[in-house]
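This is what each chain is made of:
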Amino acid sequence: MKKTLCMLMMCSIGFSVFAQTPEEWINQKATQRKYLLKQIASLQVYLDHLNAGYRIASQGIGAINKFKKGDLDVHGSHFQALKKVNAKVKNYGRVADIIQLQSRILTLYREVQQILKSSGAVSATEKHYLNSVYGNILSGTANNINSLFEITSNGVVAMNDAERINRIEALYTDMFDKLQFASSFKNQLINLLAQRGKEQRNVNAVRLLNGLNQ
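Residues numbered from 1 in each chain as written. Predicted model: local features only at pLDDT ≥ 70, side-chain atom pairs only at ≥ 80, totals over all residues. Heavy atoms only, no water.

Draft legend 1. Up close: the overall build of the protein chain. Broken down by element type, the protein chain carries 6 helices and 0 strands. Listing every helix and strand of the protein chain by position from the N terminus yields α-α-α-α-α-α. The buried share among the 214 residues of the protein chain stands at 19%. For the protein chain, restricting intrachain contacts to residue pairs at least 6 apart in sequence, the fraction spanning at least 24 positions comes to 81%. Here the protein chain displays about 15900 Å² of accessible surface, and carbon together with sulfur accounts for 60% of that area. (Helix = DSSP H or I, 4+ residues; strand = E, 2+ residues; numbered from the N terminus. Buried < 20%, exposed > 50% of the residue type's maximum accessible area, 1.4 Å probe, protein only. Contact = heavy atoms within 4.5 Å. Areas by Shrake-Rupley, 256 points an atom, 1.4 Å probe, with all protein chains shown as cover.)

See below:
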């Protein structure tokens, strides 16, 4: 009897829990729909905030990029302006002086070559040494002329007028020093050959006096 009553009670409880009237089911569905609509509305607000934040971020990045581009344009224009050579730099007197100095060095080199060819008092080793010295001088003058061309030509190096003038002055000083060295070296060679010629003449005179020239 007790067992039967328990079963009836359980069935009654189960029926009350799981059995719903159509009205209750409709009310429950309406509540769920309201909850879902509220969730959708909240999600829409979140998306609106997200889109607004994205627009602000995009505008900010665009402004930064625009600023950077403008800054680069300014620097680029300044850099390109520095590559243009002012007429006063191109016509600076030292430019012609440097070219004249190189011309004089080349003349000295040709004179030394002529001396070496016409003299029999210079050994092959000495000729090699002399040619090596003058070769280094000529290589240095060629480098100076190349630098001068770069400084006085548009679109090669970025310098202001003062920097170009200072560089030209430095090239002039170096070229003048090379000319002085080349000239001094030529004079030393001439003196050496003159001394050797004098010594050879003395030897020949002694041999002649002693009858050894036959």
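There's plenty left to go through after this.
Draft legend 2. Representation of the environment of Leu192 within the structure. Here Leu192 lies in helix α6 (residues 161–209). A residue is classified by how much of its surface remains accessible, and Leu192, at 38% relative accessible area, is partly exposed. For the pair formed by Leu192 and Val122, sequence separation is 70 residues and the distance between their alpha carbons is 9.6 Å.

Draft legend 3. Fine view of the pattern of salt bridges. Inspection of the entire model under this criterion finds 5 salt bridges. Among the ionic pairs, Arg94 bridges to Asp97, the shortest N-O distance being 3.6 Å. Of this pair, Arg94 and Asp97 are both found in helix α4 (residues 93–118), 3 residues apart, which corresponds to roughly one turn of the helix. Across the pair Glu111 and Lys186 runs a salt bridge, and its minimum N-O distance is 2.3 Å. Here Glu111 is found in helix α4, whereas its partner Lys186 is found in helix α6, with 75 residues between them in sequence. Residue Glu111 is classed as partly exposed on the basis of its relative accessible area, which comes to 33%. (Salt bridge = Lys/Arg side-chain N within 4 Å of Asp/Glu carboxyl O.)

Draft legend 4. Summary view of α6. With 49 residues, α6 extends 71 Å from end C-alpha to end C-alpha; this agrees with the ideal 72 Å at 1.5 Å per step. In the segment just after α6, Gly211 is the residue with positive phi, at about 65°. (Expected span 1.5 Å × (residues − 1).)

Draft legend 5. View of the packing of α4 against α6. Taken N-terminus to C-terminus, the directions of α4 and α6 make an angle of 20°; their axes are 9 Å apart at the nearest point. Between α4 and α6, the angle falls in the class roughly parallel. Remark: the crossing between α4 and α6 carries left-handed chirality. Residues that form the contact of α4 with α6 fall into these classes: 18 nonpolar, 2 polar and 7 charged. (Axes fitted to C-alpha atoms, helices over the stretch in contact; angles between N-to-C directions. Parallel < 35°, antiparallel > 145°, perpendicular 65-115°, else oblique. Left-handed = near helix turned anticlockwise from the far one by under 90°. Nonpolar A, V, L, I, M, F, W, Y, C, P; charged D, E, K, R; others polar.)

Draft legend 6. Helix α5 (residues 124–151), seen in detail. End to end, α5 covers 40 Å across 28 residues, agreeing with the expected 40 Å (1.5 Å per residue, within 8%). Buried residues of α5: Leu130, Val133, Tyr134, Ile137, Gly140, Thr141, Asn144, Ser147, Leu148 and Ile151, and no others. Each element contacted by the buried residues of α5 is listed here: α4 and α6.

Draft legend 7. Representation of the packing of aromatic side chains in the model. As enumerated under the stated definition, the model contains 5 aromatic pairs in all. Arranged with centres 5.8 Å apart and planes meeting at 70°, the rings of Tyr134 and Phe185 form a pair that is edge-to-face. Of this pair, Tyr134 sits in helix α5 while Phe185 sits in helix α6, and the two are 51 residues apart along the sequence. Of the residues examined, Phe185 reaches a relative accessible area of 11% and is grouped as buried. Three or more aromatic residues link up through ring pairs in this structure, and these residues are Tyr109, Tyr129, Tyr134, Phe181 and Phe185. The residue whose ring lies beneath Arg94 is Tyr172, and the NZ or CZ to ring-centre distance is 3.9 Å. (Phe/Tyr/Trp six-rings, centres within 6.5 Å; stacked < 30°, edge-to-face > 60°. Lys NZ or Arg CZ within 6 Å of the ring centre and 35° of its normal.)

Draft legend 8. Here's a closer look at the environment of Ser103. Relative to the assigned elements, Ser103 resides in helix α4. Residues Ser103 and Leu179, 76 residues apart in the sequence, show an inter-C-alpha distance of 9.6 Å.

Draft legend 9. Just the nonpolar core, in detail. Counting residues in each nonpolar core, the largest one holds 27 residues, and the members touching the most others are Ile98, Ile168 and Leu189. Taken together, the elements giving at least two residues each to this core come down to α4, α5 and α6. Sort the elements by how many residues they give to this core and α6 lands first, with 10 residues. When neighbours within four sequence positions are excluded, Ile98 is seen to be in contact with Ile145, Leu148, Ile168, Leu171, Tyr172 and Met175. (Core = buried A, V, L, I, M, F, W, Y, C linked by side-chain atoms within 4.5 Å.)

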